[in-house]
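Chain and residue survey
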Amino acid sequence: MFYPRGRVAKHDKFVRLSRQDHRGSIGRGKWSILKIITKAYLLLRQNESIRDSVFVHLSSWESQSWISANVLSIKKRYIIFNSTFLFNLHFKSKGMRCIIIMILGLVIPVLAQSQNKKNVVFILVDDLGWKDLAYAGSPLYHTPHIDDLASTSVIFNQAYAAHPVCSPSRASILTGKNPIRIGISDWIPGSDPKDRRLLGPEDLHQLPLEEVTMAEILKENGYTTFFAGKWHLGNGRYTPENQGFDINIGGIDKGSPPGGYYTPYKNPKLPDGPEGEYLTDRLTTETIDFITENHDQPFLAYLSFYTVHTPIQANKEFRPLYDQIQVPDKRIPLGEGESLLYQNNLDYASMVTAMDKNVGRIVNNLKELDLWDNTILIFTSDNGGLSTLYPGRDIPTSTFPSRGGKGWEYEGGIRIPLVIHDPDQKSGSIRNEPAVHMDLLPTLLASLEIQYTPPLPFDGINLFDENFSKNGSRKTLFWHFPHYHGSGWKPGSALRSGEWKYIYTYEDEKSELYNLDSDPEESVNLSTRFPDRTMDMKKKLFDLIDESNGKYPVQNPDW
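Thresholds applied
Residues numbered from 1 in each chain as written. Predicted model: local features only at pLDDT ≥ 70, side-chain atom pairs only at ≥ 80, totals over all residues. Heavy atoms only, no water. Helix = DSSP H or I, 4+ residues; strand = E, 2+ residues; numbered from the N terminus. Contact = heavy atoms within 4.5 Å. Areas by Shrake-Rupley, 256 points an atom, 1.4 Å probe, with all protein chains shown as cover. Buried < 20%, exposed > 50% of the residue type's maximum accessible area, 1.4 Å probe, protein only. Axes fitted to C-alpha atoms, helices over the stretch in contact; angles between N-to-C directions. Parallel < 35°, antiparallel > 145°, perpendicular 65-115°, else oblique. Nonpolar A, V, L, I, M, F, W, Y, C, P; charged D, E, K, R; others polar. Polar contact = N/O pair within 3.5 Å; in protein donor to acceptor, adjacent residues only side chain to side chain. Expected span 1.5 Å × (residues − 1). Core = buried A, V, L, I, M, F, W, Y, C linked by side-chain atoms within 4.5 Å. 1 Å grid on protein atoms, 1.4 Å probe; cavity = no way out; pocket = protein on both sides within 12 Å on 5 of 7 lines; lining within 4 Å. Points joined across faces, edges and corners; volume = space filled by probe spheres on them. pLDDT = per-residue confidence, 0-100. Phe/Tyr/Trp six-rings, centres within 6.5 Å; stacked < 30°, edge-to-face > 60°. Lys NZ or Arg CZ within 6 Å of the ring centre and 35° of its normal.

Some words on the overall build of the protein chain
Assigned secondary structure in the protein chain consists of 15 helices and 23 strands. Contacts in the protein chain between residues far apart in sequence, at least 24 positions, make up 68% of those at least 6 positions apart. Counting every atom, the protein chain has about 24,200 Å² of accessible surface; 49% of that belongs to carbon and sulfur.

Here is the structure:
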């Protein structure tokens, strides 16, 4: 007897029927019919109109709900059936033949439609800077697989994170909403110091269950959903399996891998592997296994790497690739911190290359299964590279010539790589319009032709909308990070409108204005030269924060 965990009470008698294990009791024809019926049942659960039609036609039979009562699940090589139903089933009776013919006529169109649905693979890398890839200009990191992916996909040269740190950006990707509107304005749980001039506002430490996620929308449209890797949006009842994902491998509340990048992982959602197993390899293998197991039905595979977040641990396979390289350690001051001028951390380099290898494994698996031309693959990062820290600390990477890094609202902290492979889009194209995390969900739903109306409009847009691509303009983008950060950042907010970028810091009440077309390094503050524009953008920034119910830092009474 086989009891699928969490799907059926133990007193229900279900069997796992395998064609290979039951050759003596079930013929090839019966197996095929049962498999089609089971697929039909799973699809009928998602399609109310067709489901009602089937059950109306079945009303003359002894059990109107016989499918839901007797068919539980289907996998690649087996079906789970009610044992009594299975062994009393005879296809030779006239009544059963009529029922089978009727069901096939009703559900074959639905089955055909499901086979045409595009699959989704979402690859999210932690702390990967926009310049951490060879195609984007890295002089150090070897990333041949991602370079090849980019050459056959759509590259967004001005892609932005929704926030300069991880948790808010991750919430934004899943919901299509600005994280300030969700109520998450810092990494979870944050580290608001009590000995600074300002106190950061209280924010949420989890993604509310009331928020509708990418996984929930796709699941309602017949997709099997899978998550592997870093979650960092809450624990307990706030983990991925409670946010629309059927499967969760390794997704917990931690922002970095509890046991590091080699087993044992010390992760309650990820069993330890054999000695020497590398975390990035393991998460990729789990994802490949899921894709292979579900290759014949629409799926969402959300691979959220812990890499290249600290701790920086050399990948043993690729570290020798960089052994003969030496790069000087040159830094420039930025506020209370300092930024790395040249990419020179060779352990970090090996981690980037190991991640690249695993992206290649995913792409190759999709091609081997003949799924590549029917799959949307999105590759991106959650925030800018970790290139700025307090003095004296090891800095993993450099985003130069962009200013700042993770935690900062200068370009280095919010610019990210974004590559989208969509079979319906021109491969090898480059887009220079600003894109942001909030755009990814509406873009994905449009590409999948899924009709969904959120309770409130998305904060993002469809990046492949013809009107957007023709006029090359969009509404303003804003960022709100009212907390101190270990990178040296002080509470502040920023606004981009066209080529203009405005930054306001609360501690010193300072305004900065930059023209990104002429000064992408944000080196010349034009706020005194253009006072009217500065005041207009400041007002617009605060209006957007207020409209999103954003909270501000307050004076520390003990300061």
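Picking up where we left off.
Topic: helix α13 (residues 440–448)
Summarising burial for α13: eight of the nine residues are buried, a large majority. All buried positions along α13 are accounted for by L440, L441, P442, T443, L444, L445, S447 and L448. Turning to α13, the residues buried within the fold contact β4 (119–125), α7 (166–175), α9 (214–220), β13 (375–381), β16 (418–421) and β18 (435–436). Backbone geometry just downstream of α13 places E449 in the positive-phi region, at approximately 60°.

Some words on the environment of K131
Looking at where K131 falls in the secondary structure, it is placed in the loop between β4 and α6 (144–151). Separated by 10 residues in the primary sequence, K131 and Y141 place their C-alpha atoms 9.5 Å from one another.

So, the packing of α6 against helix α11 (residues 346–368)
Contact geometry of α6 with α11 gives a least axis separation of 7 Å together with a crossing angle of 50°. If you check the angle between α6 and α11, you find them oblique. Every residue of α11 that contacts α6 at P144, H145, I146 and L149 is listed here: M355, D356, K357, V359 and G360. Classifying every residue of the contact of α6 with α11 gives five nonpolar, two polar and two charged.

A word on the side chain of R196
By the element assignment, R196 lies in the loop between α8 (179–182) and β7 (198–199). A residue is classified by how much of its surface remains accessible, and R196, at 17% relative accessible area, is buried. Apart from the residues lying within four places of it in its own chain, the contact partners of R196 are E336, Y390, Y484, K490, E507, N556 and W559.

Considering the side chain of S185
Summarising the element assignment, S185 is placed in the loop between α8 and β7. A relative accessible area of 8% means that S185 is categorised as buried. In this structure the side chain of S185 is engaged in a polar contact, spanning 2.8 Å, whose partner is the side chain of H483. The residues touching S185, leaving out its near neighbours within four places in the chain, are H163, P168, I180, D203, H480, F481, P482 and H483.

Section: α11
Side chains three or four residues apart in an α-helix point the same way, a direct result of the helix having 3.6 residues per turn. Compared with an ideal rise of 1.5 Å per residue, which puts 23 residues at 33 Å, α11 spans 33 Å between its outermost C-alpha atoms and is within 8% of the ideal. α11 sits mainly inside the fold: 18 of its 23 residues count as buried. Taking the backbone nitrogen of D347 as reference, a side-chain oxygen 3.2 Å away marks N345 as the first, capping residue of α11. Just past α11, the residue D370 takes up positive phi, approximately 60°.

As for the nonpolar core
General note: in soluble globular proteins, nonpolar side chains tend to be found buried as a group. Judged by nonpolar contacts, the single largest core of 49 residues is most densely connected at V121, I123, M355, L366, L377 and F379. Elements with a contribution of two residues or more to this core: β4, α6, β8 (224–229), α10 (279–293), β10 (299–304), α11 and β13. The element that contributes the greatest number of residues to this core is α11, accounting for 11 residues. Those residues in contact with F379 that sit more than four places away from it in its chain are I123, V125, L128, L133, I146, L149, M355, V359, P417, L418 and V419. Judged by nonpolar contacts, the second largest core, of 41 residues, contains I182, I376, I420 and F468.

Looking at the pairing of β13
With seven of seven residues buried, β13 is to be regarded as a mostly interior element. Residues T375, L377, F379 and S381 point to one face of β13 and I376, I378 and T380 to the other, with burial holding for every one of them.

A word on empty space enclosed by the protein
Unfilled space is identified by rolling a water-sized probe across the atoms. This model, assessed by the stated rule, comprises one cavity of 30 Å³ or more. The wall of the largest cavity is formed by L124, R170, L174, F227, K230, W231, L233, Y302 and S304. Elements that contribute at least two residues to the lining of the largest cavity include exactly α7 and β10. The residue inventory of the lining of the largest cavity, partitioned by class, reads six nonpolar, one polar and two charged.

A few points about the confidence of the model for the protein chain
Model confidence for the protein chain is summarised by a mean pLDDT of 86, while 78% of its residues fall at 70 or above. pLDDT under 50 marks residues 1–26. Its contacts with residues more than four places away, or in other chains, come to 53 contacts. Across residues 48–92 the pLDDT falls below 50, and counting only partners more than four positions away or on other chains, this stretch makes 106 contacts in the model.

Concerning the packing of aromatic side chains
Under the counting rule described, the total for this entry stands at 24 aromatic pairs. Relative to Y302, the ring of F227 has its centre 5.5 Å away and its plane inclined at 20°; by these criteria the two rings are stacked. Linking F227 in strand β8 with Y302 in strand β10, this pair joins segments that are 75 residues apart in sequence. Judged by relative accessible area, Y302 falls into the buried class, the value being 2%. An angle of 80° between the planes, with centres 6.1 Å apart, marks the rings of F542 and Y552 as edge-to-face. Pair noted here: F542 is in helix α15 (residues 531–547) and Y552 is in the loop between α15 and β23 (554–555), with a separation of 10 residues, a long-range link. Feature note: the residues F122, F227, W231, F245 and Y302 constitute an aromatic cluster, connected by ring pairs. Seen from the ring of Y262, K316 lies directly overhead, with NZ or CZ sitting 4.6 Å from the centre. The ring of W479 carries K501 above its face, with NZ or CZ at 6.0 Å from the centroid.

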